[in-house]
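Take a look at the letters that make up each chain.
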Amino acid sequence: MDTFCSVIKFENLQELKRLCHWGPIIALGVIAVCSTMAMIDSVLWYWPLHTTGGSVNFIMLINWTVMILYNYFNAMFIGPGFVPLGWKPENSQDREDVPLWRMYLQYCKVCQAYKAPRSHHCIKCNRCVMKMDHHCPWISNSCGYQNHASFTLFLLLAPLGCIHSAFIFVMTMYTQLHNRLSFGWNTVKIDMSASRRDPLPIIPFGLAAFAATLFALGLALGTTIAVGMLFFIQMKIILRNNISLNFITCLLILQIFVKSNKDQWMFYIKKKAVMIKTV
Ligand SMILES: [Zn+2]
Ligand SMILES: [Zn+2]
């Protein structure tokens, strides 16, 4: 009973609240639709129990789903690592009158703590986050020191899983359409060679199934492009040992600067255009 009570703590319930946010709901919805449709279509296109290729295809599909969900939930529930409330450096090799860290470290009034190097205060989490990269609405948490690796792995695995799913969707629709066009639209599945092997399971692939597969294909391709681009940007930032927050801040400053000096910018652009024309 004690173990049970120690598992269900107030903080754990608070953590579960993260799931009730538009980001996780949409992300988990897309994962659920794509993987469920891909498994159903795999059974139709490449029956997993009779051939090695079919088995490998199905195991790979389950593998993508498990790894994507594992990294997604890790990024969400492990969290970024917060600076402890009321934190100040323990070992300060400083002068007695003016501690060195007091001169260099910023103080967060909300957390009542000094900000560790590379930490930032997240308004959404209302805590100082260690090595904060950005606050991600899709995991409803900040991305920082502890969950950056899981988050980046999720960004890599999600497009790979989606590419595999998209391939299955295209192949299933192609083979099903080929069957319909060859043997008539109303036939369920007529495969003459199948009679010589063990009987294959017959699952009707109607218009609704086509529409669902097409919808899942759209979701998979959209996710591949969007998340793939995020992975590319994230890798560029990691390799430069930078953080997304700096990139976003630069964009915001540029936006404010352009807005506030709109006339000057327009004058400068027009002047450049005239110069180019005259040259
Ligand atoms: Zn703070
Ligand atoms: Zn945050």
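Residues numbered from 1 in each chain as written. Chains lettered and ligands numbered in written order. Predicted model: local features only at pLDDT ≥ 70, side-chain atom pairs only at ≥ 80, totals over all residues.

### Comments concerning the nonpolar core
Counting residues in each nonpolar core, the largest one holds 32 residues, and the members touching the most others are C34, I68, I139, F154, A158, A216 and A220. Listing elements by their share of this core, those giving two or more residues are α3 (22–45), α4 (52–77), α6 (148–183) and α7 (207–239). The greatest single-element share of this core, amounting to 9 residues, is contributed by α6. When neighbours within four sequence positions are excluded, A158 is seen to be in contact with I68, T223 and V227. Among the nonpolar cores identified, the runner-up in size contains 11 residues, and V83, A116, C122 and Y145 belong to it. (Core = buried A, V, L, I, M, F, W, Y, C linked by C-beta atoms within 7 Å. Buried ≥ 20, exposed ≤ 12 C-beta atoms within 10 Å, placed from the backbone. Helix = DSSP H or I, 4+ residues; strand = E, 2+ residues; numbered from the N terminus. Contact = placed C-beta atoms within 7 Å.)

### Observations regarding the packing of α3 against α4
At a minimum axis separation of 10 Å, α3 and α4 run at an interaxial angle of 170 degrees. Compared by their axis directions, α3 and α4 come out roughly antiparallel. Across the interface between the two elements, P24, I31, S35, A38, M39 and S42 from α3 touch N57, F58, L61, T65, I68, L69 and M76 from α4. Tallied by class, residues from the contact of α3 with α4 come to 9 nonpolar, 4 polar and no charged. (Axes fitted to C-alpha atoms, helices over the stretch in contact; angles between N-to-C directions. Parallel < 35°, antiparallel > 145°, perpendicular 65-115°, else oblique. Nonpolar A, V, L, I, M, F, W, Y, C, P; charged D, E, K, R; others polar.)

### So, the UniProt feature "transmembrane region" (unreviewed entry) in the protein
The feature "transmembrane region" (unreviewed entry), as annotated in UniProt, sits at residues 25–47, 53–73, 151–174, 202–232 and 239–258 in this numbering. Taken as a whole, residues 25–47 contains 91% helix and 0% strand, while its terminal C-alpha atoms sit 31 Å from one another. (UniProt positions renumbered as here; feature names shortened; annotations may be inferred.)

### Here's the deal with α7
Think of an α-helix as 3.6 residues a turn; residues three or four steps apart then line up on the same face. Between its first and last C-alpha, α7 extends 47 Å over 33 residues, near the 48 Å set by a 1.5 Å rise per residue. Looking only at α7, the buried set comprises T213, A216, L217, L219, A220, T223, V227 and Q234. Just downstream of α7 lies N241, where phi reads positive at about 55 degrees. (Expected span 1.5 Å × (residues − 1).)

### Observations regarding α4
Look at α4: 37 Å from first C-alpha to last across 26 residues, which is about the 38 Å you get at 1.5 Å a residue. When we look at burial in α4, the residues that qualify are N57, L61, W64, T65, I68, N71, Y72, A75 and M76. A positive phi of about 80 degrees marks G79, the residue just after α4.

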